[in-house]
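Per-entry structural report
Spelled out from the first residue to the last, the chains are:
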Amino acid sequence: MTLVAALFAVCASAQVYLGGNVGIASVDNGGDDDVTLYSLLPEVGYKFNDNWAAGVLFGWSKGSLSYKNNDLASDGSTTHTFEINPYARFTFLHGKLINVFCDGGFGYKHYNGLGDQYSIGLKPGVELKLDKFSLVAHVGFLGYQKADLDHGGEASIWGMDFDGNNISLGVYYNF
């Protein structure tokens, strides 16, 4: 009961946002059966002022992944994942309808039967403000990633990735 009252009090301050990302895709494996990939990544955050916010994205996904060329990539075997990504957000460009920001944070992702992935870095993004709702897009990643595999292998990646395959879209409800 106390937790519900505290959550209500925080939401009443009009600085909390809830939302996240949902994804679904179908992979055609040639002659093999198609594989359906999905992800559910809720997000909650708190705006301290117009420039600073903090939040956490967490969730689950199912996909076909393996470890290839220093990255986790699709191969046809299915795995389930859990991830958590806390961040601090700095909004450096404010507009009437659009804000431009950068999230700095770290992440942990566990691939069942495969291993763990850790990351720390920056994710630039843009927010389209629509009254109580916001559409948010993150484009790219600049930082460090490390994968520890269950069978003993590991890989580290340092750099930036701003290609078209590294885009996430989300919807927020602003209290």
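Considering the packing of aromatic side chains
All chains considered together, the criterion is met by 9 aromatic pairs. Note on Y173 and F175: the rings are 5.1 Å apart at their centroids and 85° apart in plane angle, and the pair reads as edge-to-face. On the basis of relative accessible area, F175 is assigned to the partly exposed category, the value being 29%. Members of the aromatic cluster, joined through ring pairs, are F58, W60 and F82. One residue, R89, lies across the ring of F101, its end atom 4.0 Å from the ring centre.

Thoughts on the confidence of the model for the protein
Predicted confidence across the protein gives a mean pLDDT of 83, with 79% of residues reaching 70 or more. Confidence scores differ between elements of the protein, with helix α1 (residues 2–12) showing the lowest mean pLDDT of 52 and strand β5 (residues 98–111) the highest of 95.

Things to note about the pairing of strand β10 (residues 167–174)
The pairing of strand β1 (residues 16–27) with β10 spans 4 bridges and is antiparallel. By the bridge assignment for β10, L18 is matched with Y173. Note: strand β7 (residues 133–139) against β10, 7 bridges, orientation antiparallel. Each bridged residue has a counterpart across the sheet, and for L135 the counterpart in β10 is V171.

Rules and cut-offs
- Residues numbered from 1 in each chain as written.
- Predicted model: local features only at pLDDT ≥ 70, side-chain atom pairs only at ≥ 80, totals over all residues.
- Heavy atoms only, no water.
- Phe/Tyr/Trp six-rings, centres within 6.5 Å; stacked < 30°, edge-to-face > 60°.
- Buried < 20%, exposed > 50% of the residue type's maximum accessible area, 1.4 Å probe, protein only.
- Lys NZ or Arg CZ within 6 Å of the ring centre and 35° of its normal.
- pLDDT = per-residue confidence, 0-100.
- Helix = DSSP H or I, 4+ residues; strand = E, 2+ residues; numbered from the N terminus.
- Pairing = 2+ DSSP bridges.

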